[in-house]
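Coordinate analysis (summary)
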Amino acid sequence: MHFLGPPFLLFTLLVFPLLVRSQCMLRVPNNPLTAAGLATPFELSGCNQLDFANQGVFVEANIFDPATGNIQIYNPLVINAGMTSTENNTKRSTSSGEAGFFFPPITPTLPNGAVVALWFGSNANTLTLTGDTNTCVDRLGNSVFGQVAYCNAPAWFTAVNGAVASGFVKVPAPGTGLNGQACPTTRDFRIVDQDQSDNVVTTYLLINNNTLAQHTPENAQANPDAEVLSNASDNSLLNEFIQPALNCTPYQNPCATCPTSQSPALSTNELQGEYYPPAGGPALVPLNDPMVLVNGTESLDKVNLYRLGVGQPTADQNNASGTTYCHQFAQSGIFIASNEQTFAQVTSPAADQATNLFTFLAMRFSASFGPPPGLGCITLLNVNNPVNLTMDGNGVVTAAVINTSVLQQILGSGSVSSVTTTTTSSQPATSAHTTSTLQGSGVRLVMTTSAKATTIIPSHFSGGSLPPSHTCTHTKHGNYPTDMAANPTITPSATSSIMSDAATTIITPNATCATPSPGANSTQLQTVTVTVTATVCPTESAGQRRRSSGPSTPQLLPRSLKRGKMRKKKFSLGM
């Protein structure tokens with residue numbers, strides 16, 4: 001394993017108590033980048049793969065053929081050390097398989113000269129690789145990334161980027177989705193969190209509570225009652241929830257170990273994000289990402305080691321600035337608020353945390369924007385948390401208010417424009433790392449309302465518990481302080497508009513926001529925060545299982561709380 005010596009969590013959504021999780025050690029088999037190595041189970045110790053929600057580890061391989069330009073995904077199987085192959089124990093006798101069993105993995109077909117890379121994701125706190133780790137990286141010195149690692153990833157990105165540059169590989173454009181919005185990629189500030197570009201979309205099957213298997217179409221059909229084990233990841237959240245909600249199509253490639261024989265992947269998501277940077281600027285791993293801190297201190301070396309594994313350009317102190325990242329991250333809250341009606345109709349990725357996709361994303365943004373283990377934006381930008389959450393007695397977020405006025409001011413002060421309705425070019429950027437930014441600033445999301453009686457919801461929350469209701473009624477005219485948002489109560493069907501010539505307001509501590517008169521050709525519109533009353537969607541209870549009748553796409557559990565940030569549930573096979 002390559003370590004860089006000195007010089008020298010994730011996402012605790014809200015402040016839910018951190019779960020105690022094991023520190024996992026995964027043994028990489030000999031020659032892991034060969035067909036035989038990929039088909040050899042990766043053995044887990046220090047953790048229990050059967051307790052996948054808290055301790056599971058997942059592996060994703062990407063196989064690139066330089067001769068044809070073809071890309072294929074293969075998911076090696078992870079088992080507990082000591083498990084017995086069903087080939088050697090066809091009756092699965094418990095006396096000879098106390099640790100459990102596994103179906104022998106299928107052997108992938110590797111073309112001559114194939115470039116193979118591996119990415120790892122974990123539901124535990126930390127992951128350490130052992131075994132044949134000559135091409136693998138899981139840390140800088142003694143400081144592990146946490147839940148992720150990779151093997152041979154830089155070589156894979158170099159080979160594929162070269163093929164793209166020569167026109168041999170075509171990366172599809174993300175396209176345009178609902179209401180003319182550019183479909184987001186994994187490097188879009190609109191959908192990232194505090195630790196972007198982490199974890200994988202790999203799923204496995206748990207059969208009869210004691211047997212692990214790859215999630216092949218054949219295994220899924222033969223075991224309709226099997227439970228799907230998933231790595232709760234940002235990539236799954238994007239591919240399985242956000243993109244479908246916006247009528248966008250994930251970038252997929254052939255996958256023999258996936259239930260539909262096609263799959264997105266961390267690697268190809270990053271590739272698409274590289275060649276189609278969003279108009280709001282690409283989101284790249286910053287210095288304040290919790291996974292790249294060394295003992296709580298920023299480390300440029302660790303940032304660059306992490307970026308190597310996800311194909312991102314080398315950072316310096318300026319382009320990896322946490323403050324700059326926080327300014328641009330304000331796009332996420334505006335995006336979530338502007339799509340409230342759409343997201344509120346989508347099932348929550350974690351029903352024990354939030355009632356639907358909107359409340360889930362608002363909760364996720366709030367935690368990421370907040371203090372460590374978030375990005376610490378409230379401190380870096382000297383503002384209050386722009387999100388106010390309402391929870392029921394079980395701690396489930398049932399409603400959210402996002403102060404888009406404050407977020408627009410943050411974007412204006414950072415000279416970054418809000419991007420919620422731009423479209424993406426059908427041609428990739430000519431440079432592998434080309435970035436584009438809308439010119440100008442001060443684009444402001446406004447609501448066309450003139451209501452005088454307003455519901456004021458203070459945006460002081462930066463941690464701790466919220467009561468079920470935290471609102472007061474107040475009549476306010478004219479200007480209001482920066483920590484208070486005029487917040488007319490509106491129905492979920494209220495519409496928003498863009499006023500591009502609205503003046504930019506810079507946030508200063510304890511200042512009063514003055515809204516200058518609009519331009520001569522525009523109409524005065526008051527900037528407000530949308531109050532959202534979330535719809536509680538019925539969800540399956542813990543342990544309830546949906547049955548499978550064929551190899552359709554499972555419903556995956558994206559990790560909104562990494563490193564103990566989510567009280568996880570087992571997801572059943574959504575077929």
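In what follows, the structure referred to is the one given above.
Attention here is on the structure that accompanies the text. (Residues numbered from 1 in each chain as written. Predicted model: local features only at pLDDT ≥ 70, side-chain atom pairs only at ≥ 80, totals over all residues. Heavy atoms only, no water.)

To continue, consider the overall build of the protein chain. The number of helices and strands found in the protein chain is 12 helices and 28 strands. Expressed as a percentage of the 575 residues in the protein chain, the buried residues total 59%. Total accessible area on the protein chain is roughly 21,200 Å²; 50% of this is exposed by carbon and sulfur atoms. (Helix = DSSP H or I, 4+ residues; strand = E, 2+ residues; numbered from the N terminus. Buried < 20%, exposed > 50% of the residue type's maximum accessible area, 1.4 Å probe, protein only. Areas by Shrake-Rupley, 256 points an atom, 1.4 Å probe, with all protein chains shown as cover.)

The next thing to look at is the pattern of salt bridges. For the structure on display, the rule yields 5 salt bridges. Here D193 makes a salt bridge to R364, at a shortest N to O gap of 3.7 Å. Of the two residues, D193 is situated in the loop between α3 (153-165) and β14 (203-207) and R364 in helix α10 (residues 357-369); the sequence distance between them amounts to 171 residues. On the basis of relative accessible area, R364 is assigned to the buried category, the value being 3%. One network of salt bridges, with partners in common, ties together D193, D234 and R364. (Salt bridge = Lys/Arg side-chain N within 4 Å of Asp/Glu carboxyl O.)

Residue placement: E43 occurs in strand β2 (residues 42-45). When residues no more than four places from it in sequence are discounted, the contact partners of E43 are M25, L26, R27, I79 and A81. (Contact = heavy atoms within 4.5 Å.)

As summarised here, the arrangement of the 4 strands in space is β5-β2-β1-β9, forming an open sheet in which the pairing is mixed. Each having just a single partner strand, β5 (78-80) and β9 (126-131) make up the two edges of the open sheet. Put simply, the sheet's adjacent strands are angled 30° from each other on average, direction ignored. The sheet contact formed by strand β1 (residues 23-28) and β2 spans 3 bridges and is antiparallel. Bridging from a neighbouring strand, M25 pairs with S45 of β2. (Pairing = 2+ DSSP bridges. Axes fitted to C-alpha atoms, helices over the stretch in contact; angles between N-to-C directions.)

Under the counting rule described, the total for this entry stands at 13 aromatic pairs. Centre to centre, the rings of W119 and W156 are 5.7 Å apart; their planes meet at 90°, and the pair counts as edge-to-face. Remark: W156 occurs in helix α3 and W119 occurs in strand β8 (residues 115-122); sequence separation between them is 37 residues. One exposure class covers both W119 and W156, and it is buried. Through a chain of ring-to-ring contacts, the aromatic side chains of F189, Y325, F329, F365 and F369 assemble into a single cluster. (Phe/Tyr/Trp six-rings, centres within 6.5 Å; stacked < 30°, edge-to-face > 60°.)

Applying the stated criterion across every chain, the model contains 5 disulfides. Look at the protein chain and number its bonded cysteines as they come in the sequence; the links are 1-2, 3-4, 5-6, 7-8, 9-10. (Disulfide = S-S within 2.5 Å.)

On to unusual backbone geometry, then. The omega torsion of the bond from P372 to P373 falls at 10°, within 30 degrees of zero and hence cis. Here P373 shows up in the loop between α10 and α11 (377-380). Despite not being glycine, N152 has its phi angle at roughly 65°, a positive value. If you trace the backbone, N152 turns up in the loop between β13 (148-151) and α3. Positioned with a positive phi, N295 is a non-glycine residue whose angle comes to about 55°. In this fold, N295 is placed in the loop between α6 (266-275) and α7 (300-309). N295 sits in the exposed class, given a relative accessible area of 76%.

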